[in-house]
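A structural walkthrough
So the chains spell out like this:
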Amino acid sequence: MAKSYEEKLEKLKNGAQLLSFSAPALHTAAFSVVFPFVPEGRAGAYHCVEHLFFERAGKRRAPEINAEMTARGSEINGYTAKNYMCFNFVCRKEVFSDQLSLLYSMLTQKEYGEEEEQSVLDVIANEIFEYEFYDNRTADILREAWYDERFTKSVLGTAEDLDLFTEEEIDAARESLFTDGMTIFLAGAFSEEDIGAVRRTFGELPLRPYVYAPECKPKEDKKAIEKRGGGKDLQVLVTYHAENADDELKCAAYWLKSALFDGMDAAFLRFFDKNGFHFYSVDGSYSVLGDEIVFSFMTYIKKREKKRFLALVDQFEEEAAWTPFLRLVKPFLFDNTVFLYDNPERLCSHYTEGWADFARPVTLAEERGRGAEFTDVRLSELWRKIARSKRKIYFLGK
């Protein structure tokens, strides 16, 4: 790494962690903050909190908040995942401190009016309608696969949940966000004054200890193959549920997904092409929760191809172990990490993705160190570990 860049991981005064990547020659800076949570209460509560944060910031209401962001040419974005909430922005370095101050004011707001709460409920009701309108069975299956059932419900909740929420439930969800599991990512051309402002604001927030004790109860499911719906066109989803995943397997999951399913050189496409299936694309994915990994791939077939496809799955898993992993993905996932040095927004997003896999901040130095140790033989062994985990195949019709 060139001397003009500096990556640093530090613990803040309140116990939160800050991972920064300084690139002073650039003109922009990016900021992300991650709040981990365990969804103990009613589904959708944290998503409501996320939306409420955009309704008020001290004396400013939503229109004033939006006007400030517009004036700076920088949007503050937020989203809620299964086990964390994230807020982020990228901006010109000259307006970083003002944008940071606005976000801090939004996130420390505790009181909201009835009109603001109703506005949030109306927006989420529309999001739930849109989610249910489209076919999201694949997403539902993957989410419901977790052994820790606290994470199997949709972050949106249901229309019934919206009608039942109380202020006490929303307040409890909000307060539970502020733990020492909070992690901050900062990248780009920030100044010493900027990082000092981060320490004085987010670094001094009162935080409680973050505790996540997995409640994993393996599900008894004797069906290795399940069909839902009918019709001539089928969506086929193959899932693998690996347990006791260590950091090496979590890191390898992205390399394996990329080599097997991403791009026209993907091992999946090459294997099935030579066996008479000319797929245009395949969607590979993985997600991590604690020491569980749910790894999957999804594509489309005709009903008449079902038996022939099933007969090839085992053979694909075996041949996939002989994939030239490093040739296919090392240029993208290892060599091209230098692209992140000059893109603060993408780097903060990358850091957040790493946090989602490891539940802790992962530096580029650590990531590259692990990547440098991978060999085709080792990646093959790690693929076999996933392929030999609990597998289930879904055929989804209309």
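A brief structural summary. (Residues numbered from 1 in each chain as written. Predicted model: local features only at pLDDT ≥ 70, side-chain atom pairs only at ≥ 80, totals over all residues. Heavy atoms only, no water.)

1. A word on unusual backbone geometry
The backbone of Asn 244 sits at a positive phi, close to 55°, despite the residue not being glycine. Inspection of the secondary structure puts Asn 244 in the loop between strand 10 (233-242) and helix 9 (247-261). Despite not being glycine, Ala 359 shows a phi value in the positive range, around 60°. Assignment of secondary structure puts Ala 359 in the loop between helix 14 (344-358) and helix 15 (364-373). In this structure Ala 359 comes out as exposed when scored by relative accessible area, which is 55%. (Helix = DSSP H or I, 4+ residues; strand = E, 2+ residues; numbered from the N terminus. Buried < 20%, exposed > 50% of the residue type's maximum accessible area, 1.4 Å probe, protein only.)

2. Structural notes on the sheet that holds strand 11 (residues 283-289)
If you trace the 5 strands from one edge of the open sheet to the other, you get 9-13-10-12-11, paired in mixed fashion. One side of each edge strand has no neighbouring strand; the edge strands of this open sheet are strand 9 (225-228) and strand 11. Taken pair by pair, the neighbouring strands of this sheet meet at an average axis angle of 20°, ignoring direction. Here helix 5 (residues 137-144) sits on the sheet in contact with strand 9, strand 10, strand 11, strand 12 (292-302) and strand 13 (390-396), set at roughly 15° to strand 10. (Pairing = 2+ DSSP bridges. Axes fitted to C-alpha atoms, helices over the stretch in contact; angles between N-to-C directions. Contact = heavy atoms within 4.5 Å.)

3. As for the side chain of Ser 20
Relative to the helices and strands, Ser 20 resides in strand 2 (residues 17-22). Taking relative accessible area as the criterion, Ser 20 reaches 4% and is therefore assigned buried. With residues up to four places along the chain from it excluded, the contact list for Ser 20 reads Glu 6, Glu 7, Lys 8, Leu 186, Phe 190 and Ile 195.

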